[in-house]
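Structural features, examined
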Amino acid sequence: MGGSQRVKGLQEQLVGTVQTLWRYPVKSMLGDSPQRLDVEARGIRGDRAYALWDHASGRVASAKNPRLWRDLLDYRARFREEPAPSAPLPAVLIGPRQGDGVAELCSSETDVGAFFSALFGRQVSLLDTPPEGASLDQYWPPVEGRAFQDETNALDLPAGTFFDACPIHAISTATLERLRQLEPQLDFAVERFRPNLLIETPEGAEGFVEEAWSGCCLQIGEQLVLRVDGGCPRCVVTTLAQGDLGEDLEILRATARHNGVVAGIRLSVVTPGPVAVGDPVRLLSPDGA
């Protein structure tokens, strides 16, 4: 890895390969990890396609407000069949994260909203279309260096989506390894960061390398091009119990101590296309940059 060539007025550099992919059909639940995904102008097809709507607050239910919604991370969602372009969303199957023998709920056969209303003790509905002006509550734990301390405020979601801020986000193996080097007593499992892509960087790449790609584009595979819109500030979700990972506020505090609470990058879609595990990731930057 690491070679470069000139392509149509751009300097192209191989900076990694796609190691793992994730898609999260229901916001704040665990998702699936296919070998291949399709990326549309909106983002990954089927990612954050559904969300629970809290009738009392008039907001999207999100684990960013763990005082109410941390238990969403106890559930895993997957599509009954693959979403197709320009077609209605397929039904989603939701079950406990541990797969302990409890039958999955199917959104086309069961009132998922009623199940979670009973679980949380407040009325919620499963939506596949974001209401106009949709927002969520986000809690800021006491982490030194953050503007908010032990506060909850509102986050407006991008119009027409259930995304927090950006359609896609990625993190590199180099960033995770750097955090482990700095705080070896902590478990910086990639799943805590809930990326869509884990990019395996080449041998010798060290530190928070992907932040240097800001303002450039990444070509992934033969067709997909994503713009790097900047670093991804982390939130309380990285600290919550999920899957086999326990709750640990020090994950976020360490990220704040060593990199201004940023780990990974935010991405937007320039040219849609497929992405698959093993695809090369090439950094595109103007000649002379």
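Just so we're clear, the structure is a prediction, and the values are computed from it rather than from any experiment.

Considerations on the overall build of the protein chain
Along the protein chain, the regular secondary structure elements total four helices and 19 strands. For the protein chain, the C-alpha atoms occupy an extent of roughly 60 × 45 × 40 Å along the three principal directions. Here the protein chain, with 289 residues, has 52% of them falling under the buried criterion. Counting only contacts in the protein chain whose residues sit at least 6 apart along the sequence, the fraction spanning at least 24 positions is 69%.

Comments concerning the pairing of strand S15 (residues 217–220)
In terms of strand pairing, S15 meets strand S16 (residues 224–233) through four bridges, oriented antiparallel. Opposite Leu218, over in S16, you have Leu226 as the bridge partner. Between S15 and S16, which pair antiparallel in sequence order, lie three residues; one of them, Gly221, sits at a positive phi of approximately 70°. Note: S15 against strand S19 (residues 280–286), four bridges, orientation antiparallel. Bridged to Ile220 within S19 is Val281.

Quick notes on the nonpolar core
Counting residues in hydrophobic clusters, the biggest one holds 25 residues, and the most contacted among them are Ile168, Leu197, Trp213, Leu218, Ile220, Leu267 and Val275. Among the elements of the structure, strand S2 (10–21), strand S3 (36–40), strand S13 (168–172), strand S14 (197–200), S15, S16, strand S17 (262–271) and S19 are those that each provide at least two residues to this core. Every residue in contact with Val275, bar those within four places of it in the chain, is listed here: Val18, Leu21, Gln35, Arg36, Leu37, Val39, Leu197, Ile220 and Leu224. Ranked by size, the runner-up nonpolar core spans 18 residues in total, among them Ala49, Trp69, Tyr75 and Val112.

Section: the environment of Asp244
Mapped onto the fold, Asp244 is located in the loop between S16 and helix H4 (250–259). For the pair formed by Asp244 and Asp164, sequence separation is 80 residues and the distance between their alpha carbons is 24 Å.

Comments concerning the sheet that holds strand S9 (residues 105–106)
Ordered in space as S7-S8-S9, the three strands form an open sheet in which the pairing is antiparallel. Looking at the sheet topology across the chains shown, the edges are occupied by strand S7 (75–79) and S9. Here S7 pairs with strand S8 (residues 92–96) via five bridges, running antiparallel. In the sheet register, Tyr75 faces S8, and the bridge partner there is Pro96.

Things to note about the pattern of salt bridges
As enumerated under the stated definition, the model contains 20 salt bridges in all. The residue Arg80 makes a salt bridge to Glu109 at a minimum N-O spacing of 3.3 Å. Residue Arg80 is found in the loop between S7 and S8, and its partner Glu109 is found in the loop between S9 and helix H2 (112–120); the two are separated by 29 residues along the sequence. Linked through salt bridges whose partners overlap, the residues forming this network are Arg36, Asp38, Glu40 and Arg45.

Calculation notes
Residues numbered from 1 in each chain as written. Predicted model: local features only at pLDDT ≥ 70, side-chain atom pairs only at ≥ 80, totals over all residues. Heavy atoms only, no water. Helix = DSSP H or I, 4+ residues; strand = E, 2+ residues; numbered from the N terminus. Buried < 20%, exposed > 50% of the residue type's maximum accessible area, 1.4 Å probe, protein only. Contact = heavy atoms within 4.5 Å. Pairing = 2+ DSSP bridges. Core = buried A, V, L, I, M, F, W, Y, C linked by side-chain atoms within 4.5 Å. Salt bridge = Lys/Arg side-chain N within 4 Å of Asp/Glu carboxyl O.

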